[in-house]
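Now for the letters of each chain:
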Amino acid sequence: MSVHRLFDTVSAASRASNCAVTIRRPDDWHIHLRDGETLKAVLPFTTAQFARGIIMPNLVPPVTTTQAAAAYRDRILAARPEGSDFTPFMTCYLTDETSSDDIERGFQERIWIAAKLYPAGATTNSSHGVTSLKRISSVLERMERIGMPVLIHGETIDPQVDIFDREAIFIERDLLPLMARHQGLRIVLEHATTTESVDVVRANAARMAATITPHHLIINRTSLFQGGLRPHLYCLPVAKHERHRLALRRAATSGDRCFFIGTDTAPHIRSRKEATCCAAGIFSGATALQTYVQVFDEEEALDRFEAFASLNGARFHGIPPNTGTITLERKPSRVIAEVGVEDEEIIVFRGGESLPWSISGVSP
Ligand code: DOR
Ligand code: ZN
């Protein structure tokens, strides 16, 4: 299936001429690398595209201590392909028991650069997450004081709320009150999927940003049912109505500082996806940049691609942009369909397709 072709907005003819774009090397501000054999299998795809990245802490068990974060960082560094200079930035998984002193120590010692807030049970490996935002008020207060950002999975965990409304309801019931309680807290609303998210981020851009995934720019909720149920397009937050996808495309390609890359690449082996109860997560690590640049091309916004891919996120996190460059070319190339892990495989987002854009070179 060719998902992206369903939604192409510009005719192929208008993009027929050759084109190449060179930008500073980009960073991925939201990555699931897992651990062990999966880490080894998926990491080379991320390092081929991105210079640095924020690593999600939802391992089993989750990364809740400085010691666990430092050990995980060492395993990632050791798993990098030969010659890779990829830098992982670690995060702390917030629980009801997180201590403010531990949070601050890890931040001051540069073990982690942010904390991840999963509402308990909202998504994959989030059962140790926060059961009530008020319970972690003192931690958030400390983070506010030391300038440490919180990365929020913004979905309500109220089971009565329709799954397509969980992000918008979270904003109304949880996020806005939290922002009123912590007026200086720096916040990233992760994997934004709705117009409501785009609006709240824009309105609070002085201290707030959103990451946007490649898949939410390409698929809408109908794509999940295209010719049958598509487990490999299921992630959380789930893809929404077409009007939200269009709003995300406008936000990403606006060049506004408050929007940047966060692929949310989230590998699961095939048997966990093609299952009675399919795990949430899309493995976009191998095709993320080709997808993003295609979207910018379709929206006639290639001149704003570097801001979204390589500048805005670094600025938000107070880190200098990368000095090397990457070149992408409007030249079709077929991407791999799957990645082997032990005796199973992980299906690649848009894998096996001929994508209109390719990565043609990286200079570090
Ligand atoms: O689809 C998702 N998969 N969303 C998340 O928030 C977590 C992720 C995972 O870890 O698989
Ligand atoms: Zn994620």
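Above this text is the structure in question.
Residues numbered from 1 in each chain as written. Chains lettered and ligands numbered in written order. Predicted model: local features only at pLDDT ≥ 70, side-chain atom pairs only at ≥ 80, totals over all residues. Heavy atoms only, no water.

### Observations concerning the site of ligand 1
Put simply, the rule reads: Summary of the distance rule: residues count as near a molecule or strand when at least one heavy atom falls within 4 Å of that molecule or strand. In protein, a polar contact requires one atom able to donate a hydrogen and another able to accept it; more generally it is a pair of N or O atoms within 3.5 Å, and residues adjacent in sequence count only if both atoms are side-chain atoms. Residue-level accessible areas treat just the shown protein chains as cover; the underlying method is Shrake-Rupley with a 1.4 Å probe. Amino acids outside the nonpolar list (Ala, Val, Leu, Ile, Met, Phe, Trp, Tyr, Cys, Pro) and the charged list (Asp, Glu, Lys, Arg) are all regarded as polar, and Gly is one of them.
In the vicinity of ligand 1 lie 14 residues, with R34, N58, T123, L236 and H268 positioned nearest. Separating an oxygen atom of ligand 1 from a backbone N or O atom of G281 is a distance of 3.2 Å. Considered on its own, ligand 1 offers 290 Å² of accessible surface; in the complex 100% of this is hidden by protein. Of the residues contributing to the shell around ligand 1, the split by class is 4 nonpolar, 8 polar and 2 charged.

### Looking at the environment of A78
Spelled out, the test is: Working definition: helices are DSSP H or I runs of at least four residues, strands are E runs of at least two. Numbering for both runs from the N terminus.
Topologically, A78 is positioned in helix α2 (residues 66-79). It is 29 Å that separates the C-alpha atoms of A78 and S127, two residues lying 49 residues apart in sequence.

### Focus on the pairing of strand β4 (residues 87-93)
Quick note on the threshold: Only protein chains enter the accessibility calculation, which uses a 1.4 Å probe; a residue is then buried when its area is under 20% of its type maximum, exposed when over 50%, and partly exposed in between. Whether two strands pair comes down to DSSP finding at least two bridges between them. Handedness of a crossover: with both strands directed away from the viewer, a clockwise path from the first strand across the helix to the second marks it as right-handed.
Counting buried residues in β4 gives 6 out of 7 residues, a clear majority hidden from the surface. In this sheet, β4 lies alongside strand β3 (residues 52-55) in parallel orientation, the contact comprising 3 bridges. Across the sheet, the residue bridging to I54 is F89, located in β4. The parallel pair β3 and β4 is bridged by α2, and the resulting crossover is right-handed.

### Notes on the coordination of the zinc ion (ligand 2)
For clarity, the cut-off: Sites may look incomplete because water is not among the atoms; the donors themselves are N, O and S atoms within 2.8 Å of the metal, or within 3.2 Å for Na, K and Ca.
Summarising the metal site, the zinc ion (ligand 2) is bound by the protein donors H30 (NE2), H32 (NE2) and D264 (OD), whose distances to it range over 2.0 Å. Ordering the donors of the zinc ion (ligand 2) by residue number gives the pattern H-x1-H-x231-D. Taken together, the residues H30 in strand β2 (residues 27-31) and D264 in the loop between β9 (259-261) and α8 (270-273) connect sequence positions 234 residues apart. Residue H30 is classed as buried on the basis of its relative accessible area, which comes to 1%.

### Quick notes on unusual backbone geometry
The omega angle of the peptide bond from V60 to P61 is -5°, so this bond is cis rather than trans. With respect to the helices, strands and loops of the structure, P61 is situated in the loop between β3 and α2. Residue L236 is joined to P237 through a cis peptide bond whose omega torsion reads -5°. Within the fold, P237 resides in the loop between β8 (208-212) and α7 (242-252). The phi dihedral of H191 is positive, around 30°, even though this residue is not glycine. Locating H191 in the fold gives a position in the loop between β7 (187-189) and α6 (195-203). Judged by its relative accessible area of 2%, H191 falls in the buried class.

### Structural notes on the sheet that holds β3
The line we're drawing: As a rule, the C-alpha atoms of each element are fitted with a line to give its axis, helices using only the stretch in contact, and angles between N-to-C directions run from 0 to 180 degrees. Residue contacts are defined here by distance: any two heavy atoms, one from each residue, within 4.5 Å place the two residues in contact.
Ordered by their spatial adjacency, 8 strands build an open sheet running β2-β3-β4-β5-β6-β7-β8-β9, and the pairing between neighbours is parallel. The outermost strands of the open sheet, each flanked by one partner alone, are β2 and β9. Here the average twist between neighbouring strands, direction ignored, is 30°. Looking at chain direction, β4 and strand β5 (residues 112-117) are connected through 4 bridges and run parallel. The partner of C92 across the bridge, within β5, is A115. Here α6 sits on the sheet in contact with β7, β8 and β9, set at roughly 145° to β8.

### So, the packing of helix α1 (residues 36-49) against α2
Helix-helix packing is characterised by the crossing angle of the two axes and by the distance between the axes. For clarity, the threshold we go by: Note on angle classes: values under 35 degrees are labelled roughly parallel, values over 145 roughly antiparallel, values of 65 to 115 roughly perpendicular, and the remainder oblique. What makes a crossing left-handed is the near helix being turned counterclockwise from the far one by less than a right angle; a clockwise turn instead makes it right-handed.
It is the contact of α1 with α2, at a shortest axis distance of 9 Å, that shows an interaxial angle of 60°. Judged on the interaxial angle alone, α2 and α1 are oblique. Of the two elements, α1 crosses α2, and the hand of that crossing is right-handed. When α1 is examined against α2, the residues L39, K40 and L43 are found in contact with a partner set consisting of R75, I76 and A79. Class assignment for the residues of the contact of α1 with α2 results in 4 nonpolar, no polar and 2 charged.

### A word on the side chain of T47
By the element assignment, T47 lies in helix α1. At a separation of 3.2 Å, a polar atom in the side chain of T47 contacts the main-chain carbonyl oxygen of P44.

### Topic: α2
As a reminder of what qualifies: The span you would expect from a helix comes to 1.5 Å times its residue count less one. As used here, the arc is the angular range of directions from the helix axis to the C-beta atoms.
Across its 14 residues, α2 extends 20 Å between first and last C-alpha, which sits within 8% of the 20 Å expected from 1.5 Å per residue. Taken as a whole, α2 has its buried residues at T66, A69, Y72, I76 and A79. Seen end-on, α2 carries its buried residues on one side only, within an arc spanning 150°. Exposed side of α2, more than 90 degrees from the buried face: Q67 and A78 are the residues found there. Taken together, the buried residues of α2 touch α1, β3, β4, α3 (100-108) and β5.

### Topic: the sheet that holds strand β10 (residues 325-329)
Across the sheet, 3 strands lie side by side as β1-β10-β15; this open sheet has antiparallel pairing. For this open sheet the edge positions go to β1 (20-24) and β15 (358-363), each flanked by a neighbour on one side alone. Going across the sheet, the axis of each strand differs from the next one's by a mean of 20°, ignoring polarity. Across 5 bridges, β1 lies against β10 in antiparallel orientation. Counterpart to I23 in the pairing with β10 is I326.

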